[in-house]
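Residue-level listing of the chains:
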Amino acid sequence: MPGTVDSVVLVTVDSLRTDAVGGPDGVTPVLDGLREGATVFENAFAHGNWTPFSFPGILGSRPVFAEGPDIGVASTPTLAERLSDAGLRTGGFNAANGFLTDHWGYDRGFDDFEPFVDSAGYKKYLAAHPTVQAWVQLAASPFRRAASILRGRGDERPFADVSRMGDLEDEATAFLRSTDDRFFLWVHYMDTHTPYVPAPRHLREVTDGGFGVARMLRAHVHTGLGWDVDDRTLGTLRTLYDGTVRQVDESVGRLLSTLDAEGVREETAVVVAGDHGEEFLDHGHLAHYPKLYGELVDVPLFVAHPDGEGRTVGEPVGLDAVPPTVCDLLGVDPAEGWTGDSLAPALDGDPIPSQAPVVSVAVRGDQVTSQPIPRRLDDGELLVSARDERWTYVEHTESDRRELYDRADDPGEQRDLCAEATPERPPPAVLDRLSAAAADHARRLRAASEGEDGDDGRRASDDVAARLKALGYK
């Protein structure tokens, strides 16, 4: 494979669908440019339907609930701890996702860590009132653009930066400028998480114009009040989402420019991943409620090495491969107990260890949209999926419902082959292999849960709880 590098930047983007990057609409020119010379993993899967179920794998290479029924990173070394012990300077900046804080162990190993979680004043109010946020941003946009022109500034940032993109970018830039050592930098963007409120500049870049306050507000009202979403509203939501994707893309471009300015771009690998996807009525809902279909589990994942060549890899991989891959890129041994295998050999076209099937989990309450969304193993029914390069299997562990989809013929996972099966036409034989993997994973999680000390798990602080409520996790 290409040689080891001095430093790595890991960019994770909340709620980033696979089809949001590199598509025909061209809303991600920066990321598309990175992908051209990168190793792209076409079948990369998150290990859960939302952040707290996915990130134990991304930064800890262990599944959620690996040590009990509560969310949080496992006690095995995190990626940052492993790299810090190896002498790298480490920085982690999370744009106010309350599930990625020190409360859940995500600060471990970072020399500089900032989750931007607060519950003060104006920002707290806007975070808890996304419709007001949309009004403020769009109604004020003409005045903000005029002020930007007078000050000689651009129009790239939201007036009301509730996504904390600006703060995130400022901290990451300061980190890059302040270190002369080898480093590991992790940044997590929240712009693409609902509610989608892109800066006017980025909204203009993904539309033909005429996208005003009323249209944006109508979409927010429909979703906020739970009204039926018609085709026009759905199109509006997806356009707003594309605007936030463009917003993240340009911010990543500025970070890359900082790497250039600091003279470290040629010694730095960049890893980009979505932590999970986002649904736009693909299976009847919006956002990322507890399901395990492709729109939530399929995620972008690519590795841009300064000496690498563009190639694609079709083998299925899970995001628990990120920590050992980053370690491999930096010449650091992975931690014992990590479940993922390094993908670094693929950068040189070599085979990678078989990771099929990739297992993901969700926990569902009585209703798909139950609030609060279950976050503990005992909060509802455990759903487990297993995927290989072609097939998707989903098991509802308490109701004994099983689903099987052939993505080669049914990429949208709409035709359940288990539901169509008859004694004369049983489901394909692959069902046995995938169901065994799902059942084994469920058994291990339950065993870990039964072995814990029986407390009620960690309770979020007031600031964390306020931010989670603002994101829709009541």
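Trainee: When you look at the sheet that holds strand 14 (residues 381–387) in this model, what are you seeing that I'm missing?
Mentor: Within a sheet, adjacent strands bond to each other through the backbone by hydrogen bonds, running parallel or antiparallel. If you walk across this open sheet you meet the 4 strands as 13-14-15-16, and the pairing is antiparallel. The open sheet has two free edges, formed respectively by strand 13 (358–364) and strand 16 (401–406), since each of these has just one partner strand. For this sheet, the mean angle separating the axes of adjacent strands, direction not counted, is 15 degrees. Examined bridge by bridge, strand 14 and strand 15 (residues 391–396) share 5 bridges and lie antiparallel to one another. Following the sheet pairing, V384 is matched in strand 15 by E395. Along the sheet, helix 13 (residues 430–450) contacts strand 13, strand 14, strand 15 and strand 16; its crossing angle with strand 15, the most-contacted strand, is approximately 45 degrees.

Trainee: Would you take a moment to explain helix 1 (residues 29–36) for this structure?
Mentor: Among the residues of helix 1, those classed as buried are L31, D32 and L34. Buried residues along helix 1 cover an arc of 160 degrees about the axis, so they all sit on one side. Elements that come into contact with the buried residues of helix 1 comprise helix 9 (231–261), strand 7 (268–274) and strand 10 (301–304).

Trainee: Where do I start with the pairing of strand 4 (residues 89–94) in this structure?
Mentor: Consecutive side chains of a regular strand alternate in pointing toward one face of the sheet and then the other. When you tally the buried positions in strand 4, you get 6 out of 6 residues, the bulk of the element. By the bridge criterion, 3 bridges tie strand 4 to strand 5 (residues 112–114) in an arrangement that is parallel. Paired with G92 across the two strands is F113, which belongs to strand 5.

Trainee: What exactly am I supposed to notice about the side chain of T397 here?
Mentor: Positionally, T397 belongs in the loop between strand 15 and strand 16. In terms of polar contacts, T397 uses its side chain to reach the side chain of R446, at 2.9 Å. Every residue in contact with T397, bar those within four places of it in the chain, is listed here: E381, L382, V384, A442 and R446.

Trainee: Teacher, can you tell me more about the packing of aromatic side chains here?
Mentor: For any pair of aromatic rings, the description rests on two quantities: the centre-to-centre distance and the angle between the ring planes. Summed over the entire model, instances satisfying the criterion amount to 15 aromatic pairs. Ring centres 5.2 Å apart and planes at 70 degrees place the aromatic pair F53 and F65 in the edge-to-face group. Taken together, the residues span a long stretch of sequence, with F53 in helix 2 (residues 51–60) and F65 in the loop between helix 2 and helix 3 (79–85) at a distance of 12 residues. A residue is classified by how much of its surface remains accessible, and F53, at 1% relative accessible area, is buried. Consider the rings of F55 and Y106, whose centres lie 6.2 Å apart with planes at 90 degrees: the pair is edge-to-face. Taken as a pair, F55 in helix 2 and Y106 in the loop between strand 4 and strand 5 lie far apart in primary sequence, 51 residues in all. When its relative accessible area of 0% is taken as the criterion, F55 is described as buried.

Trainee: Would you explain the pairing of strand 13 in this entry?
Mentor: Counting buried positions along strand 13 gives 7 out of 7 residues, so the element sits mostly inside the fold. Along strand 13, one buried face is formed by V358, S360, A362 and R364 and the opposite face, lined by V359, V361 and V363, is buried too. Here 7 bridges tie strand 13 to strand 14, and the two strands are oriented antiparallel to one another. Looking at strand 14, one finds that A362 is bridged to L383.

Trainee: Help me understand the layout of surface pockets in this model?
Mentor: Where empty space is left becomes clear once a probe the size of a water molecule has been rolled over the atoms. Each pocket or cavity is described by its volume, and for the second largest pocket that value is around 360 Å³. Lining the second largest pocket are 19 residues, and of these H47, D320, T339, P357 and V359 sit closest to its centre. Mapped onto the lining of the second largest pocket, the elements with two or more residues apiece are strand 13 and helix 13. Considering only residue class, the lining of the second largest pocket consists of 7 nonpolar, 8 polar and 4 charged.

Trainee: It is not clear to me how a negative patch on the surface should be interpreted in this structure. Could you clarify?
Mentor: There is a patch of like negative charges on the surface, built from D6, E266, E267 and D307. As for its placement among the helices and strands, D6 is situated in the segment before strand 1 (7–13).

Trainee: Got a minute to help me understand the pattern of salt bridges in this structure?
Mentor: Side chains that carry opposite charge are capable of pairing whenever their charged atoms lie near each other. This structure, assessed with the given rule, holds 25 salt bridges. With a shortest N-O distance of 4.0 Å, E67 and R62 are connected by a salt bridge. Relative accessible area serves as the criterion here: at 16%, R62 is assigned to the buried category. E250 is the partner of R246 in a salt bridge, and the nearest nitrogen-oxygen pair spans 3.5 Å. With a gap of 4 residues between them, R246 and E250 both fall in helix 9, about one helical turn apart. Just as R246 is buried, E250 falls in that class too. When salt bridges with common partners are traced through the structure, they connect R17, D19, R238, D242 and D282 into a single cluster.

Trainee: Is there a simple way to think about the sheet that holds strand 1 in this case?
Mentor: Taken together, the 8 strands give an open sheet; going across it, the order is 5-4-6-1-7-10-2-11, and neighbouring strands pair in mixed fashion. At either margin of the open sheet sits one strand with a lone partner, and together these are strand 5 and strand 11 (311–313). Taken over all neighbouring pairs, the strand axes of this sheet differ in orientation by 10 degrees on average, direction set aside. Across 4 bridges, strand 7 lies against strand 10 in antiparallel orientation. Looking at strand 10, one finds that A273 is bridged to L301. Contacting strand 4, strand 5 and strand 6 (183–189), helix 6 (residues 165–178) runs over the sheet at an angle of about 175 degrees to strand 6. Contacting strand 1, strand 6, strand 7 and strand 10, helix 11 (residues 322–330) runs over the sheet at an angle of about 155 degrees to strand 1.

Here is what the cut-offs are and how they apply
- Within each chain, residue numbers correspond to sequence positions counted from 1 in written order.
- Reporting of local features is limited, given that this is a predicted model, to residues whose pLDDT is at least 70; pairs of side-chain atoms are given and counted only at 80 or more, and all residues count toward the totals for whole chains, interfaces and linings.
- The side-chain figures draw on all heavy atoms in the structure; neither hydrogens nor water molecules are used.
- Strands were regarded as paired on the criterion that DSSP finds at least two bridges between them.
- Every helix listed is a DSSP run of H or I at least four residues long, and every strand listed is a run of E at least two residues long, numbered separately from the N terminus.
- Here an axis means a line fitted to C-alpha atoms, over the contact stretch when the element is a helix, while the angle between two N-to-C directions is reported on a 0 to 180 degree scale.
- What makes two residues a contact is simply this: any of their non-hydrogen atoms within 4.5 Å.
- Only protein chains enter the accessibility calculation, which uses a 1.4 Å probe; a residue whose area is less than 20% of its type maximum is buried, one above 50% is exposed, and one in between is partly exposed.
- Read the arc as the range of directions from the helix axis to the C-beta atoms.
- Polar contact is defined as a pair of N or O atoms within 3.5 Å, subject to the rule that within protein one atom must be able to donate a hydrogen and the other to accept it, and that residues adjacent in sequence are counted only when both atoms are side-chain atoms.
- Note on aromatic pairs: the rings of Phe, Tyr and Trp (six-membered ring only in Trp) are paired at centre separations within 6.5 Å, and the planes decide the class, stacked below 30 degrees, edge-to-face beyond 60, tilted for the rest.
- Here the term cavity refers to a set of points on a 1 Å grid, laid over the protein atoms alone, in which a 1.4 Å probe fits but cannot get out; the term pocket refers to an open set having protein on both sides within 12 Å along at least five of seven lines, with lining residues being those that place an atom within 4 Å of a point.
- Grid points are joined across faces, edges and corners, and a volume is the space filled by probe spheres set on the points.
- Under the scheme applied, nonpolar residues are Ala, Val, Leu, Ile, Met, Phe, Trp, Tyr, Cys and Pro; charged residues are Asp, Glu, Lys and Arg; polar residues are all the others, including Gly.
- Each patch groups residues whose relative accessible area exceeds 30% and which form no salt bridge, using 9 Å between like charges and 5 Å between nonpolar side chains of Val, Leu, Ile, Met, Phe, Trp and Tyr.
- Areas reported as accessible are Shrake-Rupley estimates using a 1.4 Å probe. Residue values count occlusion only from the protein chains shown.
- We define a salt bridge as a side-chain nitrogen of Lys or Arg found within 4 Å of a carboxyl oxygen belonging to Asp or Glu.
- The charged-residue count follows a simple rule in which Lys and Arg add positive charge and Asp and Glu add negative charge, with His and chain termini not counted at all.
- For charged residues, the charge sits on one atom: NZ in Lys, CZ in Arg, CG in Asp, CD in Glu.

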